[in-house]
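Topology and contacts: notes
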Amino acid sequence: MNFLRGVMGGPSAGPQPSGAETIQKLCDRVASSTLLDDRRDAVRALKSLSKKYRLEVGIQAMEHLIHVLQTDRSDSEIIGYALDTLYNVISNDLEEEEQDDSEEENLPKQVDDLGSQFTEIFIKQQENVTLLLTLVEEFDFHVRWPGVKLLTSLLKQQGPQVQQIILVSPMGVSRLMDLLADSREVIRNDGVLLLQQLTKSNAAIQKIVAFENAFERLLDIITEEGNSDGGIVVEDCLLLLQNLLKNNNSNQNFFKEGSYIQRMKPWFEVGDDNCGWSAQKVTNLHLMLQLVRVLVSPTNPPGATSSCQKAMFHCGLLQQLCTILMATGVPADILTETINTVSEVIRGCQMNQDYFASVNAPSNPPRPAIVVLLMSMVNERQPFVLRCAVLYCFQCFLYKNQKGQGEIVSTLLPSTIDATGNSVSAGQLLCGGLFSTDSLSNWCAAVALAHALQENATLKEQLLRVQLATSIGNPPVSLLQQCTNILSQGDKIDRRGSKVQTRVGLLMLLCTWLSNCSIAVTHFLHNPANIPFLTGQIAENLGEEEQLVQGLCALLLGISIYYNDNSLENYRKEKLKQLIEKRIGRENFIEKLGFISKHELYSRAAQKPQPSFSIPDHMMFDHEFTKLVKELEGVISKAIYKSSEEDKKEEEVKKTLEQHDNIVTHYKKVIREQDQELEELKQRINTLTSQNEQLQATVTQQVSQIQQHKDQYNLLKVQLGKDTQHHNSHSDTFQMNGIQMEEVSKLREELEEWKNKHELLQGQLREKDAVIEKLKSSQLEMGTTEQSSQTSKSGGLEHNNDLQKELEMLRTQIQLQSAEISKLQIENQKLQNTSADPALGDSGAAAANNSEVEGRLEQEIKELKSKVKALCEEKESLKQHLDSSSSTVAILQDEKSKLQQEVAESKKEQDDLLVLLADQDQKLSALKIKLKDLGVPVEDEDDIESGDQGDEDEDGDEEEQD
């Protein structure tokens with residue numbers, strides 16, 4: 001145990017072993033000892049030696065330490081010692097006190113190589129990394145924390161190789177994501193550092209981490225730590241978010257769809273007291289602004305950028321950034337980054353650009369934010385980076401914003417200039433910067449004005465109207481003339497800054513202005529000094545700095561040729577080409593034109609829209625201008641070599657194209673008219689649709705009224721008796737089936753007529769009864785018959801409402817009358833026989849009496865026969881009316897059955913709806929229970945729903961009763 005005493009500091013006798021020998025003995029102890037305590041002590045001793053003897057421990061002990069990790073997993077203490085030892089061997093974090101001053105120069109490179117070599121040895125066996133992932137899952141602090149640190153160090157040394165191993169390992173990334181949920185802040189924070197290294201430059205792992213709910217967890221950590229006021233943990237989380245989102249369209253879309261942009265707004269809620277910003281807060285806010293820029297970067301797909309810009313406006317993030325922009329006491333670097341962030345949030349988004357145009361600075365009187373920013377851009381006392389940021393903001397405000405371009409140019413036009421001079425406009429600031437003695441202000445103002453004219457031929461023509469008052473007593477000159485005057489003066493004006501910067505800016509402005517605008521080219525050529533100046537500049541052999549100016553002069557001259565409409569006789573295309581051939585030479589002209597694209601600063605500007613320059617002298621080219629050069633360089637070279645015949649052909653082609661354009665314009669007009677007609681037809685369709693909807697609503701209302709009538713009908717059926725129920729059912733059926741009230745009234749009138757006829761028959765029968773009463777004394781059977789006839793008559797009167805019974809009564813009357821007639825005939829025969837019998841007496845008085853009675857009876861018989869005949873006719877007519885009434889009743893019964901069927905179907909549909917409502921209530925209650933389990937407050941509406949359900953049940957019961 002001498003080597004242990006030497007390591008642990010105990011007394012020893014004899015010579016001290018060297019470090020390598022001690023490490024060798026400790027390794028043997030780890031490999032051969034059977035007792036766990038001995039192995040643990042040996043590993044602890046190796047840990048204490050691993051920092052001082054890093055190389056020796058790494059060479060001799062790494063294999064044994066890996067074996068310990070594989071075999072002694074049950075003992076967390078020895079596992080922790082082994083992981084710490086491996087971390088000390090692989091990590092490049094060295095203690096300063098262990099290094100000599102003489103070795104500090106050569107040490108970093110040796111250390112990097114040593115850590116990388118040991119990492120390569122460790123990951124050569126992929127099982128080692130898989131084993132380490134398993135150990136990181138252990139909850140024991142002494143195992144998990146050193147495991148996290150070791151894995152982070154491996155990723156730092158050999159990132160791509162370790163990433164690939166973790167990626168193919170089952171649930172490898174998911175295991176590491178659990179570190180963010182650890183309640184121990186040390187492990188959680190180191191887990192964030194581990195994920196930073198894991199997600200570097202690996203899109204596959206970035207997607208897995210994002211879909212493992214990383215955004216939610218990281219934003220929660222940032223909120224818990226205090227947002228921008230938090231410590232370095234917030235910085236680490238922001239760096240990890242940048243790794244996940246930068247150049248990863250899938251994660252950016254997931255971040256936007258998950259509504260995480262809305263959670264970024266509280267980051268920028270800066271208080272009124274902005275003094276005393278800590279360095280950590282500045283760093284955090286700087287990273288937060290960079291994270292916003294990652295989501296709206298111009299290098300992202302246009303669709304993704306546009307959706308993020310709209311989301312930032314709707315959630316109030318853009319408004320919050322503009323508040324910081326106009327606040328006081330904000331550090332300069334935060335203000336600069338805020339300007340750059342706002343620039344990219346509004347770039348190409350009309351809605352955001354319109355909002356930014358409406359923002360006012362908190363001044364008295366209030367000024368637009370654009371004017372305040374332009375004042376900073378043309379102020380040479382402002383920091384260089386801030387002026388670059390303002391220029392970028394102005395460029396982004398005008399990018400694809402013709403409305404904003406028109407507003408800027410309108411401030412320069414004579415009709416809109418403020419005559420009082422109380423307020424400074426954007427146009428006045430640009431002109432002031434364009435003609436100041438500071439070359440950087442000249443360049444920035446020229447580029448800003450060029451962006452106001454970008455791809456807008458109308459504004460290029462309007463800008464020709466701008467007149468400038470150069471000095472008292474002199475007539476005003478146009479803006480175009482003033483620009484060429486300053487350009488021709490060159491170095492004669494004493495300026496601060498680069499000698500060529502002002503001329504480069506003015507030439508870029510003129511090239512942008514004249515391109516694709518023949519009227520502007522004509523105005524430019526109308527000044528006789530311009531063409532000689534350009535040819536003189538191009539033909540001279542100047543220094544390297546002036547070559548850039550020569551190339552831009554060649555470009556401007558080429559634009560004057562290519563977009564020349566030959567309206568000026570002295571400056572036609574052919575004459576300008578001959579001038580180039582005589583004074584410059586075509587090859588020399590093309591060579592000078594090529595100086596632009598070959599310049600180093602041109603290549604830098606072409607990379608990205610944001611102007612990023614290390615020093616002011618490097619500000620030479622604008623990103624949009626590089627696109628214009630690419631577009632025009634080739635066509636100008638071709639135009640220079642074209643002959644007059646080719647120009648004529650080209651003009652003919654242009655005329656043909658103009659004719660085609662006119663035809664296209666005509667067809668466009670026709671299409672517009674057709675579109676208007678289509679819109680009118682669509683409006684008519686919409687109107688008819690609305691009318692249809694109103695009619696449907698009316699039908700629905702009528703159906704509901706019919707249903708109400710049905711309900712009333714059912715109530716009346718219950719309340720009225722059977723006879724009344726039968727009568728009312730017919731009348732209700734008439735009303736509900738569309739039979740008009742006139743038909744009902746006709747039927748009632750016919751019924752009244754039949755009643756009157758019946759009364760007449762009764763009167764006639766009474767007269768007949770009176771005649772028969774006189775004969776009662778002669779024959780009693782006849783009285784009995786009359787009594788039964790009266791009985792039958794009274795029975796018929798009781799059933800006068802039923803047509804069938806009335807018919808039966810008429811039949812019985814006819815039978816009785818026939819019987820009476822037959823009886824009267826028999827009686828008459830008897831009387832005749834009596835009058836003829838001599839035994840009865842032959843007195844004259846008796847014979848006279850008999851003859852009178854006989855005559856009277858015959859007359860009554862004739863009358864009765866006529867009455868019987870009339871009754872028969874009435875009987876036939878009653879049969880016809882009865883048949884028509886029975887057919888009407890059959891029709892009504894059919895309609896009644898149809899209505900009953902519709903009611904049954906309505907009941908069935910109502911039952912189905914009740915079933916669906918019951919299922920929906922069950923689903924809603926289940927969802928409410930889930931929401932309550934998740935902690936989301938849910939408004940209780942059970943009472944209301946139960947009340948509604950009770951009403952529906954009562955309605956259903958009433959329908960069932962009906």
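Residues numbered from 1 in each chain as written. Predicted model: local features only at pLDDT ≥ 70, side-chain atom pairs only at ≥ 80, totals over all residues. Heavy atoms only, no water.

Examining the overall build of the chain
Let me state the cut-off plainly: Put simply, DSSP H or I for four residues or longer makes a helix, DSSP E for two residues or longer makes a strand, and each gets a number counted from the N terminus. Note on classification: 1.4 Å probe, protein chains only; a residue is buried when its accessible area is under 20% of the maximum for its type, exposed when over 50%, partly exposed between these limits. The contact criterion used is simple: two residues touch if any of their non-hydrogen atoms lie within 4.5 Å.
Assigned secondary structure in the chain consists of 42 helices and 4 strands. When each of the 962 residues of the chain is scored for burial, the buried share is 42%. Considering only residue pairs separated by 6 or more positions, the chain has 71% of its internal contacts joining residues 24 or more positions apart.

Describing the pattern of salt bridges
A side chain with one charge can pair with a side chain of the opposite charge if their charged atoms come near. Which entries qualify depends on this criterion: Any carboxyl oxygen of Asp or Glu within 4 Å of a side-chain nitrogen of Lys or Arg constitutes a salt bridge here.
Applying the stated criterion across every chain yields a total of 25 salt bridges. Here Arg293 and Glu344 are joined by a salt bridge, their closest N and O atoms 3.0 Å apart. Residue Arg293 is located in helix α16 (residues 279-295), and its partner Glu344 is located in helix α19 (residues 332-346); the two are separated by 51 residues in the primary sequence. We note that Arg293, like Glu344, is buried. It is possible to trace a salt-bridge network through shared partners that takes in Asp37, Arg40, Asp41, Arg44, Asp75 and Glu77.

Some details on the packing of aromatic side chains
What counts here: Two aromatic rings from Phe, Tyr or Trp, using only the six-membered ring of Trp, form a pair when their centres are within 6.5 Å; if the ring planes differ by under 30 degrees the pair is stacked, by over 60 it is edge-to-face, and anything between is tilted.
Taken as a whole, this structure holds 13 aromatic pairs when the rule is applied. Judged by centre distance (5.0 Å) and plane angle (85 degrees), the ring pair of Phe215 and Phe255 falls under edge-to-face. With Phe215 in helix α13 (residues 214-224) and Phe255 in helix α15 (residues 249-257), the pair connects residues that are 40 residues apart, well separated along the chain. Comparing Phe215 with Phe255 shows no difference in burial state: the two are buried. A residue is classified by how much of its surface remains accessible, and Phe255, at 0% relative accessible area, is buried. Every member of this aromatic cluster is reached through a ring pair, and the members are Phe211, Phe215, Phe254, Phe255 and Tyr260.

Things to note about the side chain of Gln482
Take Gln482: it is sitting in helix α27 (residues 479-489). If sequence neighbours within four positions are ignored, Gln482 has contacts with Phe435, Leu468, Thr470 and Val477.

Some remarks on the packing of helix α3 (residues 36-49) against helix α5 (residues 76-90)
Rule in force here: Between the N-to-C directions of two axes lies an angle of 0 to 180 degrees, each axis being a line fitted to C-alpha atoms and, for a helix, fitted only over the stretch in contact. In this scheme, roughly parallel covers angles under 35 degrees and roughly antiparallel covers those over 145, while 65 to 115 is roughly perpendicular and the rest are oblique. Helix crossings get a hand from a simple test, with the near helix turned counterclockwise from the far one by less than a right angle marking a left-handed crossing and a clockwise turn marking a right-handed one. Ten residues, namely Ala, Val, Leu, Ile, Met, Phe, Trp, Tyr, Cys and Pro, are considered nonpolar, four, namely Asp, Glu, Lys and Arg, are considered charged, and the remaining ones, Gly among them, are considered polar.
The contact between α3 and α5 brings their axes to 9 Å, and the two run at 25 degrees. Classified by the angle their axes make, α3 and α5 are roughly parallel. Seen from above, α3 lies across α5 with left-handed handedness. Along the contact surface, α3 presents Leu36, Arg39, Arg40, Val43, Arg44, Leu46 and Lys47, while α5 presents Glu77, Ile78, Tyr81, Ala82, Asp84, Thr85 and Asn88. Considering only residue class, the contact of α3 with α5 consists of 6 nonpolar, 2 polar and 6 charged.

Notes on a nonpolar patch on the surface
So the rule is basically this: Patch rule: a residue counts if its relative accessible area is over 30% and it has no salt bridge; like charges are joined within 9 Å, and nonpolar side chains (Val, Leu, Ile, Met, Phe, Trp, Tyr) within 5 Å. Here, Shrake-Rupley sampling with a 1.4 Å probe gives the accessible areas, and only protein chains in the shown set may cover a residue.
Taken together, the side chains of Ile663, Tyr667 and Ile671 make up a nonpolar region of the molecular surface, amounting to roughly 310 Å² of accessible area. Positionally, Ile671 belongs in helix α36 (residues 644-719). The class of Ile671 is partly exposed, set by a relative accessible area of 45%.

Topic: the environment of Ser925
Where we set the bar: For this analysis, a polar contact is any N or O atom pair within 3.5 Å, provided that within protein one partner can donate a hydrogen and the other can accept it, and provided that sequence-adjacent residues contribute only side-chain to side-chain pairs.
Within the secondary structure layout, Ser925 lies in helix α41 (residues 844-933). By relative accessible area, Ser925 is classed as partly exposed at 35%. At 2.6 Å, the side chain of Ser925 and the backbone oxygen of Gln922 are in polar contact.

Some details on the side chain of Asp182
Looking at the secondary structure, you find Asp182 in the loop between α10 (172-177) and α11 (185-198). Note on Asp182: relative accessible area 7%, which makes it buried. Within the local environment of Asp182, its side chain forms a polar contact with the side chain of Arg144, the two groups lying 2.7 Å apart. Of the polar contacts made by the side chain of Asp182, one reaches the backbone nitrogen of Arg184; its length is 2.9 Å. Excluding anything up to four places from it in sequence, Asp182 contacts Arg144, Ile187 and Arg188.

Concerning unusual backbone geometry
Residue Pro365 is bonded to the preceding Asn364 through a cis peptide linkage, with omega at 0 degrees. Turning to its location among the elements, Pro365 is positioned in the loop between β1 (360-361) and β2 (367-368). The backbone of Ser201 shows a phi angle near 55 degrees, a positive value even though the residue is not glycine. Topologically, Ser201 is positioned in the loop between α11 and α12 (203-211). A relative accessible area of 80% means that Ser201 is categorised as exposed. Of note in the backbone geometry, Lys400 takes a positive phi value of approximately 55 degrees without being a glycine. One can find Lys400 in the loop between α22 (384-398) and α23 (402-410). For Lys400, a relative accessible area of 64% corresponds to the exposed category.

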